[in-house]
Amino acid sequence: MHDVLTASEYAAIAQTLELPGNAFINGAFRPAASGRTYETINPATGKVLTSVAACDAEDVDYAVSKAKEAFDDGRWHLRSPGERKTVLLKFAKLLEENSHELAVLESLDSGKPIRECQTVDVPDTIHTIRWHAELIDKIYDNTAPVGANALTLIVREPIGVVGCVLPWNFPLLMLAWKIGPALAAGCSVIVKPAEQTSLTTLRVAELAHEAGVPAGVLNIVTGTGKDVGEPIGLHKDVDMVSFTGSTVTGRRFLRYAADSNLKRVVLECGGKNPAVVMDDCEDIDLVAEQVVAGAFWNMGENCSATSRLIVHASIKDELLTRVGAYLRDWKMGDPLDPENRVGSLVSREHFEKVKSYLDHAAKEKLSVVFGGQTDKSIFVEPTVIDGVDRNSRLFQEEIFGPILSVTTFTTLSEAIALANDTPYGLAASVYTGSLRNAIKLSREIRAGVVTVNCFGEGDATTPFGGFKESGFGGRDKSIHAHDQYTELKTIWIDVSDRSVDETVR
Ligand SMILES: NC(=O)C1=CN([C@@H]2O[C@H](COP(=O)(O)OP(=O)(O)OC[C@H]3O[C@@H](n4cnc5c(N)ncnc54)[C@H](O)[C@@H]3O)[C@@H](O)[C@H]2O)C=CC1
Ligand code: BAL
């Protein structure tokens, strides 16, 4: 599964791939009701890959009705936990058997480097599905201590029809973070992939159906945010929305819920995450390596990217020298060549946004110490910009591209204040050799995930989500993700002997 092929082997797979394009509703591919399509582009070449169904509210209505039908007749959630687990494990196995194809499809549609697709996105997707499948028959409900006159059960029930609205930066993995726990909990799901990157979600739904996920339980409705995302958000038969994307769109889902049926909303939104490096860090080479990975992995198109380097003034120059050395290994080019670690950005529109920050740095005469170049297409070099003030747009705004800003401090409290000085609170990394500093920084930085002496997002067992404007309502991954796709129900069974006039409560 992790075996990385050669560039020519990946190119050969790309030549023979069958590209899906129709929506997947009620166990079958179907065009948009309107018959409309749009073109999906390979961002690395600018060439059209294929046409995708441009669905709208009519298709959302149809998909929701089929999902609700599937939920109401219990064809999925009323099957025994062991049966559902078997189906999801088979689903994971089918993903594994198709891992090279999925990696190539992901890379072609998003511009992500194939090495990352093959060694991170695809295996983590499979692991996520497997982890939640394994959880199904290991969760116990509770009773409450109410005495001899009653038996009280506190049970979790699947929430119903769930809308999963996805971003374009990790199309497969975000799909798995949502549908893994949602399907494990017994929900029916409508997925709306990002319009830029729908292809792998369509193939995955086909494989889920082949594994035995019943018709109507997993549906993929392709199209724009306005045409598909909004109708999902406003639909009265959608019981919950789980969203990953920008904070601006996240806010819209809260409004949609308020204007419709008060559906549950879980938001995983943006980040402007700090990497705080203390002057007592033990291995500055390791720090440089992790800072580079944190800022530039997935071209910085990552909500948890550590895009603000906050470094003690006394070690800044030494750290930047080493950062420069590591950057030499980050070759940019054809995403299908496994030698390359930097692919293209996802779309020309996003490229223009990222480039505007480089233009801003030039206008402000900021010091670009590495990178800074773009090419004719939509590739952007990993770029490090020094001397960035806390009020700068480069410090405050989520760029979602390969741009690392550098700001210095001299005291621990200044470092904490800088780390917390944005509206976001998703992730942070801290680098220090002092246990006291590690504990103080990880407790006082207001973020959902803090890593010490490394960059990362934890694994399937750990929750992921943000404080402040980075998140709302719950967490992806871990047993906590499972909980949010369920409602808590109290069942109170009176067993008192009323003939002797007992007080029940
Ligand atoms: N937290 C994260 O992982 C992500 C953050 N972003 C941030 O957002 C910026 C803009 O990227 P976008 O693709 O425009 O993100 P976005 O938030 O607009 O898109 C995310 C999803 O929401 C849908 N959507 C968009 N508008 C909608 C609406 N009015 N109603 C319902 N659904 C809607 C999109 O079609 C997509 O499926 C990026 O530059 C980045 O800063 C983008 C993607 C992921
Ligand atoms: N890094 C995974 C979550 C996200 O970027 O949206």
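Look up a bit, the structure's there.
Residues numbered from 1 in each chain as written. Chains lettered and ligands numbered in written order. Predicted model: local features only at pLDDT ≥ 70, side-chain atom pairs only at ≥ 80, totals over all residues. Heavy atoms only, no water.

Asks: In this structure, what is going on with the overall build of the protein chain? I would like to understand it.
Replies: Per the secondary structure count, the protein chain includes 16 helices and 22 strands. For 505 residues, the compact-globule formula gives about 23 Å, and the C-alpha radius of gyration of the protein chain, at 24 Å, lands near that figure. Expressed as lengths along the three principal axes of its C-alpha atoms, the size of the protein chain is roughly 85 × 55 × 40 Å. In the protein chain, buried positions account for 56% of the 505 residues. The long-range share in the protein chain, meaning contacts at least 24 apart out of those at least 6 apart in sequence, stands at 74%. Taken as a whole, the protein chain presents about 20100 Å² of accessible surface, with 51% of it coming from carbon and sulfur. Of the side chains in the protein chain, 51 bear a positive and 69 a negative charge, and the two mean positions are spaced by 3 Å. (Helix = DSSP H or I, 4+ residues; strand = E, 2+ residues; numbered from the N terminus. Rg over C-alpha atoms; globule rule 2.2 N^0.38 Å. Buried < 20%, exposed > 50% of the residue type's maximum accessible area, 1.4 Å probe, protein only. Contact = heavy atoms within 4.5 Å. Areas by Shrake-Rupley, 256 points an atom, 1.4 Å probe, with all protein chains shown as cover. Lys, Arg positive; Asp, Glu negative; His and termini not counted. Charge placed at Lys NZ, Arg CZ, Asp CG, Glu CD.)

Asks: Can you help me understand the site of ligand 2 in this one?
Replies: By nearness alone, every residue bordering ligand 2 is listed as Asn 169, Phe 170, Met 174, Trp 177, Thr 244, Glu 268, Asn 302, Cys 303, Ser 304 and Glu 457. In this structure, an oxygen atom belonging to ligand 2 sits 3.4 Å away from a side-chain N or O atom of Glu 268. Cys 303 places a main-chain nitrogen or oxygen 3.0 Å from an oxygen atom of ligand 2. Computed on the free molecule, ligand 2 has an accessible area of 220 Å², of which 99% lies beneath the protein chains in the complex. Split by residue class, the shell around ligand 2 holds four nonpolar, four polar and two charged. (Near = heavy atom within 4 Å. Polar contact = N/O pair within 3.5 Å; in protein donor to acceptor, adjacent residues only side chain to side chain. Nonpolar A, V, L, I, M, F, W, Y, C, P; charged D, E, K, R; others polar.)

Asks: What am I meant to see in helix α4 (residues 99-110) here?
Replies: Because an α-helix completes one turn every 3.6 residues, residues spaced three or four positions apart along the sequence face the same direction. A rise of 1.5 Å per residue sets the reference length of α4, with its 12 residues, at 16 Å; its end C-alpha atoms lie 16 Å apart and thus fit the reference within 8%. Counting buried residues in α4 gives 11 out of 12 residues, a clear majority hidden from the surface. Within the span of α4, buried status applies to Ser 99, Glu 101, Leu 102, Ala 103, Val 104, Leu 105, Glu 106, Ser 107, Leu 108, Asp 109 and Ser 110. Positive backbone phi, at 85°, marks Gly 111, one or two positions downstream of α4. (Expected span 1.5 Å × (residues − 1).)

Asks: Hey, could you run me through the environment of Ala 63 in this one?
Replies: Counting through the fold element by element, Ala 63 comes out in helix α2 (residues 57-72). As a C-alpha pair, Ala 63 and Gln 396 span 333 residues in sequence and 39 Å in three-dimensional space. Setting aside chain neighbours within four positions, we find Ala 63 in contact with Ile 25, Ile 190, Asn 219 and Val 221.

Asks: Help me understand the nonpolar core, please; the structure alone is not making it clear to me.
Replies: As a rule of thumb, nonpolar side chains are buried together in soluble globular proteins. If you look at the biggest cluster of nonpolar residues, it comprises 127 residues, and the most contacted ones within it are Phe 91, Val 276, Val 277 and Leu 309. Considering each element in turn, this core owes the most residues, 11 residues, to helix α6 (residues 171-185). For Val 276, the residues in contact, after removing those within four places along its chain, are Ile 310, Phe 409, Ala 415, Ala 419, Ser 429, Val 430, Tyr 431, Leu 441 and Ile 445. Within the second largest apolar cluster, 24 residues are counted, among which are Ile 25, Phe 243, Leu 267 and Cys 269. (Core = buried A, V, L, I, M, F, W, Y, C linked by side-chain atoms within 4.5 Å.)

Asks: Any chance you could explain a nonpolar patch on the surface here in plain terms?
Replies: On the surface, Leu 151, Ile 491, Ile 493 and Val 495 cluster together into a nonpolar patch covering about 300 Å² of accessible area. By the element assignment, Ile 491 lies in strand β22 (residues 486-494). (Patch = residues over 30% accessible without salt bridge, like charges linked within 9 Å, V, L, I, M, F, W, Y side chains within 5 Å. Salt bridge = Lys/Arg side-chain N within 4 Å of Asp/Glu carboxyl O.)

Asks: Teacher, can you tell me more about the pairing of strand β16 (residues 403-409) here?
Replies: Regular strands place side chains that alternate from one sheet face to the opposite one. In terms of burial, β16 is a largely internal element, six of the seven residues being buried. Pairing analysis gives five bridges linking strand β13 (residues 308-312) to β16, with the strands arranged parallel. Within β16, the residue paired with Arg 308 across the bridge is Ser 405. Note that strand β15 (residues 383-386) and β16 share three bridges and pair parallel. From the neighbouring strand, Thr 383 faces β16, where its bridge partner is Ile 403. (Pairing = 2+ DSSP bridges.)

Asks: What should I look at first to understand the sheet that holds strand β6 (residues 150-158) in this one?
Replies: Hydrogen bonds along the backbone pair up the strands of a sheet, which may run parallel or antiparallel. An order of β5-β6-β22 is seen for the three strands of this open sheet, with the pairing classed as antiparallel. Each edge of the open sheet carries a strand with a single partner, namely β5 (142-143) and β22. Relative to β6, β5 runs antiparallel, the two being bridged by two bridges. Considered in β6, the bridge of Thr 143 is made with Leu 153.

Asks: Can you help me understand the site of ligand 1 in this one?
Replies: Not every one of the 28 residues close to ligand 1 is listed here, only the nearest: Leu 166, Trp 168, Glu 195, Ser 246 and Lys 353. Here an oxygen atom of ligand 1 sits 2.6 Å away from a polar atom, N or O, in the side chain of Ser 246. Taking Arg 252, its side chain carries an N or O atom lying 3.4 Å from a nitrogen atom of ligand 1. Burial of ligand 1 by the protein chains amounts to 86% of its free accessible area of 800 Å². Going through the elements one at a time, α8 (225-234), β10 (240-244), α9 (247-259) and α12 (348-363) are the ones with two or more residues in the shell around ligand 1. It is α9 that contributes the most residues to the shell around ligand 1, four residues altogether. Residue composition of the shell around ligand 1, grouped by class: 12 nonpolar, nine polar and seven charged.

Asks: Mind showing me how you'd approach the packing of aromatic side chains here?
Replies: This model, assessed by the stated rule, comprises six aromatic pairs. Centre to centre, the rings of Phe 170 and Trp 297 are 5.3 Å apart; their planes meet at 40°, and the pair counts as tilted. With Phe 170 in the loop between β7 (161-165) and α6 and Trp 297 in the loop between α10 (284-296) and β13, the pair connects residues that are 127 residues apart, well separated along the chain. Seen from their ring centres, Phe 253 and Tyr 256 are 5.1 Å apart, and the 90° between their planes marks the pair as edge-to-face. Residue Phe 253 and its partner Tyr 256 are located together in helix α9, separated by three residues, close to a single helical turn. In this structure Tyr 256 comes out as buried when scored by relative accessible area, which is 11%. Taken together, the ring pairs in this structure connect Phe 243, Phe 253 and Tyr 256 into an aromatic cluster. When the ring centre of Trp 76 is taken as reference, the NZ or CZ atom of Arg 84 above it lies at 5.9 Å. Taking NZ or CZ as reference, Arg 393 lies 4.7 Å from the ring centre of Tyr 357, over its face. (Phe/Tyr/Trp six-rings, centres within 6.5 Å; stacked < 30°, edge-to-face > 60°. Lys NZ or Arg CZ within 6 Å of the ring centre and 35° of its normal.)

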